[in-house]
Amino acid sequence: MTLEEITGLYEQSPRCGEVITEISGARAAGIQLRGLAGSAGAFFASAVLQRSSQSHLFILGDKEEAAYFLNDLEGLLGVNMDETGTRSSFPVLFFPASYRRPYQVEDTDNANVLLRAEVLDRIRREKKVAVVTYPGALAEKVVTRQLLEKNTLQLKRGEKISIAFVTDLLNEYGFERNDYVYDAGQYAVRGGIVDVFSFANEHPYRIEFFGDDVESIRTFDPLTQLSVKNLDRLTIIPNVQGKLLTESRESFFEYFFTARHDGQNVNVVWISDIETTGAVVQKEFEAAEKAFAERTEESPVRHLSPAEQFIDEATFRETLRRFHVIEYGSRFILENARAITFSTHPQPAFRKNFDLLTQELAKNSAAGMKNIVFTDSAKQAERLHSIFTDIGRKLDYSPIVHSVHEGFSDTDLKIACYTDHQVFERYHRFRLRDGFQRKKEAMTIKELRGLNPGDYVVHIDHGVGRFGGL
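One numbering rule holds for all chains: residues counted from 1, following each sequence as written. With the structure being a predicted model, the display of local features is reserved for residues of pLDDT at least 70 and the display and counting of side-chain atom pairs for 80 or more, all residues being used for whole-chain, interface and lining totals. Note that water and hydrogens are dropped before the side-chain values are worked out from all heavy atoms of the structure.

Caption draft 1: Inspection of the overall build of the chain at higher detail. Helix and strand counts for the chain stand at 16 helices and 24 strands. Three labels apply to residues, based on accessible area from a 1.4 Å probe with only protein chains included: buried if under 20% of the type maximum, exposed if over 50%, partly exposed otherwise in between. Residues counted as buried form 51% of the 470 residues belonging to the chain. Note on definitions: a residue-residue contact is assigned when non-hydrogen atoms from the two residues lie within 4.5 Å. Put simply, 73% of the contacts in the chain that link residues at least 6 apart link residues at least 24 apart. Exposure was quantified through the Shrake-Rupley algorithm and a 1.4 Å probe, taking into account, for residues, occlusion by the shown protein chains and nothing else. Carbon and sulfur atoms make up 47% of the accessible area of the chain, which amounts to about 22,500 Å² in all. A run of DSSP states H or I qualifies as a helix once it reaches four residues; a run of E qualifies as a strand once it reaches two. Both are numbered from the N-terminal end.

This is how it looks when you write it as structure tokens:
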């Protein structure tokens, strides 16, 4: 059995059809998905996404849960990023919190600011997206859609525009001019070439002008200066947490609600626990109130009040009513919601007991269930096969080299999915994009420019020496 066949079972299932019917109505509907275990929720969600015309927001319990769900959804929709950072036509985006502590500018996570800006930009431009997030990120308000559009620069290849006009706009947006770009919010001009590191893209842009014509646009690696991808157009937005610090804001729910392009069905919110999410949002709001009251009057930065920059639980619950809401956890509170029940069960804890595992697989086969074992690598699949061979049991199962967070069985679809990392009790690491990732052993341009003549440095080939200047 292949991964495509498994996802096809969920996409063609009557339950998927029921959900599509419910969320196709013009009035906001409530749905409860009961009995989903392990990664079955991600498999079912990917099936609904394939058949839906709306954008979907997934709210998990915390950042770690959200990251695992994101990885499952990316893999099932075939949108894992390759080494060039290219995504498929169906964007799956992660929306993190930008502050480690509210009203502490030095505790702002710049990588997360970039990711938040990218999500807002993609929602604004794409017809439909899937956004994965958690309560702490939703508590923070975002810049309004109108203000974001006003502060967005779009360029396309062949367009006639002067370099002076572009640099004036970048200065107005709060970009810093440097000799080279190495961080978001910077730009550089060398002759007819303008490098810009936007807050809405993982890699900086290189724009080549011929006179006042945009001759080429491409992204590049700021460490090696090598091109990554050629583009026909680009979008540049400023730091929506910095430049627009005192501008009007709205909840992410409001932004997500107004992002529909065809003016028809409202978007869909999937949430694992409404009660817990509301409580976390309220806790974040109260923490912001406390931090705002304790801030020093000497601070040179004027901040919005907590009510202007964060939402509370009452606002969260009220805005949730405007969406189709799908509850899929273990606690359900929606009234008059359509309940859809699944017969899924979590993967048993085998604790490296392969005799127990082989008995389980044999029992499934006798009951007409198809066994699938997901492994993170072909080497792991070979290792598992060798173990079964050594035991001397002939087993009927399909190995699939694909990363899935948690195994499950679905008695209705007659499939039992297992993960090798759970069988071997190995930690399964999630993957999140943290903005531009440089090689650890190499110096950045920023670090190089921070050196002064006479400073001692260690060269990988030539040993210790003294820096003589640029």
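Anyway, onward from the coordinates.
Caption draft 2: Main features of the side chain of N71. Here N71 lies in helix 4 (residues 63-77). Non-local contacts of N71, meaning those with residues more than four positions away in its chain, are made with F430 and R431.

Caption draft 3: Local environment of the packing of aromatic side chains. We call Phe, Tyr and Trp rings a pair once their centres come within 6.5 Å, taking the six-membered ring for Trp, and we label the pair stacked below 30 degrees between planes, edge-to-face above 60, and tilted otherwise. This structure, assessed with the given rule, holds 19 aromatic pairs. Look at Y68 and F430: their rings are 5.3 Å apart centre to centre, the planes differ by 90 degrees, and that puts the pair in the edge-to-face class. Separated by 362 residues along the polypeptide, Y68 in helix 4 and F430 in the loop between helix 15 (420-423) and helix 16 (445-449) bring together distant segments of the chain. According to the relative accessible area criterion, Y68 is buried, its value standing at 7%. Relative accessible area serves as the criterion here: at 25%, F430 is assigned to the partly exposed category. Ring centres 5.3 Å apart and planes at 55 degrees place the aromatic pair F354 and F424 in the tilted group.

Caption draft 4: Region of the structure containing the sheet that holds strand 21 (residues 408-410). Across the sheet, 5 strands lie side by side as 18-21-22-19-20; this open sheet has mixed pairing. Each end of this open sheet is capped by a strand with a single partner; those strands are strand 18 (344-346) and strand 20 (398-401). On average, each strand axis in the sheet is tilted by 20 degrees relative to the strand beside it, whichever way the strands run. Two strands make a pair as long as DSSP finds a minimum of two bridges between them. The sheet contact formed by strand 19 (residues 370-375) and strand 22 (residues 415-419) spans 5 bridges and is parallel. Paired with N371 across the strands is A416, a residue of strand 22. Throughout, an axis means a line fitted to C-alpha atoms (over the contacting stretch in the case of helices), and angles, computed between N-to-C directions, take values from 0 to 180 degrees.

Caption draft 5: Broad picture of the environment of C417. Structurally, the position occupied by C417 is in strand 22. For the pair C417 and S39, spaced 378 residues apart in sequence, the C-alpha separation works out to 9.3 Å. Excluding residues within four positions of it along the chain, C417 makes contact with Q347, I372, F374, G407, F408 and S409.

Caption draft 6: The sheet that holds strand 7 (residues 176-177), seen in detail. Spatially, 7-8-9-10-11-12 is the arrangement adopted by the 6 strands of the open sheet, whose pairing is mixed. At either end of the open sheet lies a strand with only one pairing partner, and these are strand 7 and strand 12 (227-231). Bridge count for strand 7 against strand 8 (residues 186-190) is 2 bridges, and the pairing is parallel. Among the inter-strand pairings, E176 is bridged to a residue of strand 8, identified as Q186. Packed on one face of the sheet, helix 8 (residues 163-172) meets strand 8, strand 9 (193-197) and strand 10 (205-210) and runs near 160 degrees to strand 8.

Caption draft 7: Fine view of unusual backbone geometry. Located in the positive-phi region is R351, a residue other than glycine, with phi close to 50 degrees. Although it is not a glycine, K352 adopts a positive phi angle of roughly 65 degrees. Looking at K352, the relative accessible area reads 47%, which means it is partly exposed.

Caption draft 8: Representation of the confidence of the model for the chain in the model. Confidence scores labelled pLDDT are given residue by residue by the predictor and lie between 0 and 100. The share of residues in the chain with pLDDT of 70 or more is 84%, and the mean pLDDT across the chain is 84. In this model residues 79-88 is a low-confidence stretch, pLDDT under 50, and it forms 22 contacts with partners more than four residues away in sequence or in other chains. Low pLDDT, under 50, characterises residues 436-443; the predicted model gives this stretch 15 contacts beyond four residues in sequence or across chains.

Caption draft 9: Geometry of the pattern of salt bridges. The rule for a salt bridge is simple: a side-chain nitrogen of Lys or Arg has to be within 4 Å of a carboxyl oxygen of Asp or Glu. Under the definition given, this model contains 21 salt bridges. Note that R338 is salt-bridged to E18, the shortest N-O span being 2.9 Å. Residue R338 is located in strand 17 (residues 338-341), and its partner E18 is located in helix 2 (residues 14-23); the two are separated by 320 residues in the primary sequence. Owing to a relative accessible area of 35%, R338 belongs among the partly exposed residues under this scheme. A relative accessible area of 26% means that E18 is categorised as partly exposed. A salt bridge links E313 to R317, with the nearest nitrogen and oxygen atoms 3.3 Å apart. With E313 and R317 both in helix 12 (residues 313-320) and 4 residues apart, this pair spans about one turn of that helix. When salt bridges with common partners are traced through the structure, they connect E18, E22 and R338 into a single cluster.

Caption draft 10: Main features of a negative patch on the surface. Together, D62, E64, E65 and E406 line one region of the surface with negative charge. For E65, a relative accessible area of 40% corresponds to the partly exposed category. Patch membership requires over 30% relative accessible area and the absence of a salt bridge. Like charges are linked within 9 Å, and nonpolar side chains (Val, Leu, Ile, Met, Phe, Trp, Tyr) within 5 Å. The charged-residue count follows a simple rule in which Lys and Arg add positive charge and Asp and Glu add negative charge, with His and chain termini not counted at all. A single reference atom marks each charge: NZ on Lys, CZ on Arg, CG on Asp, CD on Glu.

Caption draft 11: Highlighting the nonpolar core. With 86 residues, the main nonpolar core has L33, F58, L73, F252 and W270 as its most contacted residues. Per-element tally for this core: the top contributor is helix 3 (residues 40-51), with 8 residues. Sequence-distant contacts of L73, defined by excluding residues within four places in its chain, comprise A42, A45, S46, L49, F58, V92, A130 and V132. What makes a nonpolar core is a set of buried Ala, Val, Leu, Ile, Met, Phe, Trp, Tyr and Cys residues whose side-chain atoms join them at distances within 4.5 Å. Residues L153, V194, V196 and L234 belong to the second largest nonpolar core, which totals 20 residues.

Caption draft 12: Layout of the packing of helix 13 (residues 354-366) against helix 14 (residues 378-391). Running from N to C, helix 13 and helix 14 cross one another at 90 degrees; their axes reach a closest spacing of 11 Å. Our classification of the angle between helix 13 and helix 14 gives roughly perpendicular. Residues F354, D355, L357, T358 and L361 of helix 13 lie in contact with helix 14, whose contacting residues are L384, I387, F388 and I391. The residue classification treats Ala, Val, Leu, Ile, Met, Phe, Trp, Tyr, Cys and Pro as nonpolar and Asp, Glu, Lys and Arg as charged. All others, Gly included, are polar. Among the residues making up the contact of helix 13 with helix 14, the classes are represented as 7 nonpolar, 1 polar and 1 charged. By the definition adopted for this analysis, an angle is roughly parallel if under 35 degrees, roughly antiparallel if over 145, roughly perpendicular if from 65 to 115, and oblique otherwise.

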